[in-house]
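What follows is the residue order along each chain.
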Amino acid sequence: AALTLLISSALAQTPPMAPDIPASLAAPADNADYVKKVVMVPMRDGVKLYTVIVMPKGTKNAPIMLTRTPYNAARRAQRNASPSIRATLPQGDETFIDEGYIRVFQDVRGKYGSEGEYVMTRPLSGPLNNTRIDHATDAWDTIEWLTKNVPETNGKVGMVGSSYEGFTVMMALMDPHPALKAAAPMSAMVDGWRGDDWFHNGAFRMPSLPYIGGQTSVKGRGEAPASGVYDDYEGLLRAGSAGGYAKKFGLDQLPYTKKLFEHPAYDSYWQHQAIDKLVGARKLSVPTMHIVGQWDQEDIYGPYAAYAAMEPQDKDNKLNFLVIGPWRHSGVNYDGSSLGAIKFTGDTALEFRRNVMQPFFNQYLKDGAPVADTPPVLSYQTGTNRWQRLSAWPQSCASGCPAASKAIYLQDGYKLGFDAPKAGAAYDEYVSDPAKPVPFVPRPVRMHDENVWKPWLVSDQRFVSDRPDVLTYVTEPLAAPLQLSGQPMVNLYAATSGTDADWVVKLIDVYPDEMASQPELGGYQQGIAMDIFRGRYRNSLEHAEAIPANKVERYRYALPNVNHVFLKGHRVMVQIQSSWFPLYDRNPQRFVPNIFHAQPSDYIKATQRIYHAPGSASAIELPVVEAR
Ligand code: PG9
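Calculation rules
- Residues numbered from 1 in each chain as written.
- Predicted model: local features only at pLDDT ≥ 70, side-chain atom pairs only at ≥ 80, totals over all residues.
- Heavy atoms only, no water.
- Helix = DSSP H or I, 4+ residues; strand = E, 2+ residues; numbered from the N terminus.
- Rg over C-alpha atoms; globule rule 2.2 N^0.38 Å.
- Buried < 20%, exposed > 50% of the residue type's maximum accessible area, 1.4 Å probe, protein only.
- Contact = heavy atoms within 4.5 Å.
- Lys, Arg positive; Asp, Glu negative; His and termini not counted.
- Charge placed at Lys NZ, Arg CZ, Asp CG, Glu CD.
- Near = heavy atom within 4 Å.
- Polar contact = N/O pair within 3.5 Å; in protein donor to acceptor, adjacent residues only side chain to side chain.
- Nonpolar A, V, L, I, M, F, W, Y, C, P; charged D, E, K, R; others polar.
- Salt bridge = Lys/Arg side-chain N within 4 Å of Asp/Glu carboxyl O.
- Phe/Tyr/Trp six-rings, centres within 6.5 Å; stacked < 30°, edge-to-face > 60°.
- Core = buried A, V, L, I, M, F, W, Y, C linked by side-chain atoms within 4.5 Å.
- Pairing = 2+ DSSP bridges.

**Observations regarding the overall build of the protein chain**
In terms of regular secondary structure, the protein chain is built from 16 helices and 31 strands. For 628 residues, the compact-globule formula gives about 25 Å, and the C-alpha radius of gyration of the protein chain, at 27 Å, lands near that figure. Going through the 628 residues of the protein chain one by one, you find that 59% of them count as buried. Within the protein chain, counting contacts between residues at least 6 apart in sequence, those at least 24 apart form 74% of the total. Distance between charge centroids for the protein chain: 2 Å, based on 63 positive and 65 negative side chains.

**Quick notes on the site of the ligand**
Near the ligand the following residues occur: Y71, S163, Y164, M189, D197, W198, Y211, E298, D299 and H329. Within the side chain of S163, one N or O atom sits 2.5 Å away from an oxygen atom of the ligand. Contacts to the ligand include D197, whose side-chain N or O atom sits 2.6 Å from a nitrogen atom. In terms of residue class, the shell around the ligand is built from five nonpolar, two polar and three charged.

**Things to note about the environment of D232**
With respect to the helices and strands, the residue D232 is situated in helix α8 (residues 232-239). For D232, a relative accessible area of 9% gives the class buried. Spatially, the C-alpha atom of D232 lies 9.5 Å from that of F581, the residues being 349 residues apart in sequence. Setting aside anything within four residues of it in sequence, one finds D232 in contact with S227, V445, R446, M447, H448 and P582.

**Thoughts on helix α6 (residues 164-172)**
Among the nine residues that make up α6, nine are buried, leaving the element largely enclosed by the rest of the structure. Listed in full, the buried residues belonging to α6 are Y164, E165, G166, F167, T168, V169, M170, M171 and A172.

**Things to note about the pattern of salt bridges**
Two side chains of opposite charge can pair, provided their charged atoms sit close to one another. Inspection of every chain in the model, using the stated rule, returns 30 salt bridges. Residue E152 is joined to K37 by a salt bridge in which the shortest nitrogen-to-oxygen separation is 3.9 Å. Taken together, the positions of E152 in the loop between α5 (135-149) and β5 (153-162) and K37 in strand β1 (residues 34-42) put the pair 115 residues apart, joining distant regions of the chain. Across the pair D585 and R534 runs a salt bridge, and its minimum N-O distance is 2.8 Å. With D585 in the loop between β27 (571-577) and β28 (606-613) and R534 in strand β24 (residues 525-534), the pair connects residues that are 51 residues apart, well separated along the chain. Residue classification places R534 among the buried positions, given a relative accessible area of 2%. Salt bridges sharing common partners tie together D45, R68, R109 and D138.

**Thoughts on the packing of aromatic side chains**
Across all of its chains, the model carries 35 aromatic pairs by this definition. Judged by centre distance (5.5 Å) and plane angle (35 degrees), the rings of F96 and Y101 are tilted. On the accessibility criterion, F96 (2% relative accessible area) is buried. Its relative accessible area of 2% is what places Y101 among the buried residues. Here the aromatic rings of W327 and F352 are separated by 5.7 Å at their centres, their planes lie at 50 degrees, and the arrangement is tilted. With W327 in the loop between β10 (320-325) and β11 (338-339) and F352 in helix α14 (residues 348-365), the pair connects residues that are 25 residues apart, well separated along the chain. Side by side, W327 and F352 carry an identical accessibility label, which is buried. Clustering of aromatic rings is evident, with ring pairs tying together W193, F199, F204, F261, Y266, Y269, W270, Y537 and F596.

**What about the side chain of R68?**
Here R68 lies in strand β3 (residues 62-69). For R68, a relative accessible area of 0% gives the class buried. Only 2.7 Å separates the side chain of R68 from the side chain of Q106, close enough to count as a polar contact. For R68, the side chain forms a polar contact with the side chain of H135, separated by 3.2 Å. Not counting residues up to four positions away in its chain, the partners in contact with R68 are L49, Q106, V108, H135, D138, A139, T142, M159, E165 and T168.

**Section: the nonpolar core**
Counting 130 residues, the largest nonpolar core has I576 and I610 as the members making the most contacts within it. Counting residues per element, this core draws most heavily on α6, which supplies six residues. By size, the runner-up hydrophobic cluster in this structure holds 21 residues, among which are M186, I291, W327 and F360.

**As for the pairing of strand β30 (residues 619-622)**
Burial along β30 is two-sided: A619 and E621 facing one way and I620 and L622 facing the other are all buried. Bridging between strand β17 (residues 406-411) and β30 involves four bridges; their strand directions are antiparallel. If you follow A407 over to β30, its bridge partner there is E621. In terms of strand pairing, strand β22 (residues 489-496) meets β30 through three bridges, oriented antiparallel. When the bridges of β30 are listed, V490 appears paired with I620.

**Observations concerning unusual backbone geometry**
Glycine aside, residues mostly have negative phi angles, and peptide bonds mostly take the trans form. Cis geometry is found at the peptide bond from W393 to P394, where omega equals 0 degrees. Position of P394 relative to the elements: it lies in the loop between β14 (386-390) and β15 (396-397). In this structure, P444 follows R443 across a cis peptide bond, with omega equal to -5 degrees. Residue placement: P444 occurs in the loop between β19 (427-432) and α15 (450-453). Phi is positive for N385, close to 55 degrees, though the residue is something other than glycine.

Here it is in structure tokens:
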């Protein structure tokens, strides 16, 4: 009997040559703790948008948190393939999950699963958009549909999103659906020319071109062109102008590249898209929390500008809030315990999301939730590393702020101090050679290396401080802490032997020679507020003007906002240079009508003089707050 059993069980075995891919498979038991649905949500013009809805099993009476994205809703709603909703949704969503929210991601029209046509940061219906469709109407129609068709919702919707997704949040505020109860635009792209993704003060940001290639060459996921070099500094230099680079990789055929190249100045094309101006002109009704990282390497301008534009309508501090964290671009959604070499007091991003952002949303979205204790402005003061609840932003400015800014002057002998220059040499000079532009990070420059790109604004500036084409001014070690809270203003007096020039001004915190607790920070030159200005726009951002050669001209522009304390024993440093490559395209230094199309012969060496003399005293007006 034992033998028969053995034989029959051997017979029941799967033959070794049975094909291993079955014709059909029964689905395994559903062990997920969530439900995921994909729906095509109809817009008013009949176009349907691909929308992913994720919620814990058994959800009832829950608020909806909506994100509208050009970055693939299906992927955004699937960090990992997992039966657990926490592992499935993005890291930044964990507190929404804990509170039982319904999470919705939607592809914007024309991208990934959505129908319709894609227009990059589609302008609002109006002078640049002759249709009646924009992101305001698409958000409105989506919220209308969700509140009517998702039975598990309590009918209240919030919107959240960073960068481009922050831009779509801002757009939803232009004509908000009544069910949109609260919004948190993070690192929102607000003005592509003044200081966000495409340009900073007229200087063009070269990574825009591969981004446009990846985003607009196909409807789904596109690839940035293969550069063919290890060191992008080398590759971009060889390509010549931005126009030359675009042509080399076929990016000049893309409509958005053409639009950029046709609008190098701050003309009506950009002015009509300035989200801060547009939103500021509308009636504010949705409680909005603007969130930004102090070292946002992509959209460092927009969130402050949008907050400032909306603030006049919020006398009672009920609708408009600002949060400044010690973060990189979109860093609020990840681990905020450090940025590059700079460490903070634990995971500042999670702390903020859990203790401030979630209660803010809950107040407006969850039935019966308590009123949150949201300060008008919450800002992490770096240097001292502590959160501050502030009544307004900025705390210090030229006039009308709680404190008044104070100029720190360039002085003879490469010194920096609060006394205006009286004597000594009138200027320092350097030769700016477009054939050898100053790199923005040490070479080899790997533009796609996230470990370099994300923290680069706090990176150590020692790698260029001794270059002959970088001027470096520094104070003595500070006898007392210097507290800044606002936007430093550059007031530069400079002359060039060329007829156009870029001016890069970098405000830097120099650490003491030795830092026993973190030795690699000894003498570290940490970027605090740094930006570029294209000289041709000194008199008008809209109309470029050649610079008269060898004539002292004044260049005035704002650096990014800071909330930082230069601690006792640290030194304040200012560096000045005329290129920042390959993040910014090179200024040929000979005036040409459109720098995008500069020819190799247009690039000339120029002698730059930076003045520190009475009557032409270059300075940075620092938003100083006296220590209390
Ligand atoms: N900074 C990116 C972007 C925003 C808007 C337009 C183009 C690029 C982003 O991270 O989405």
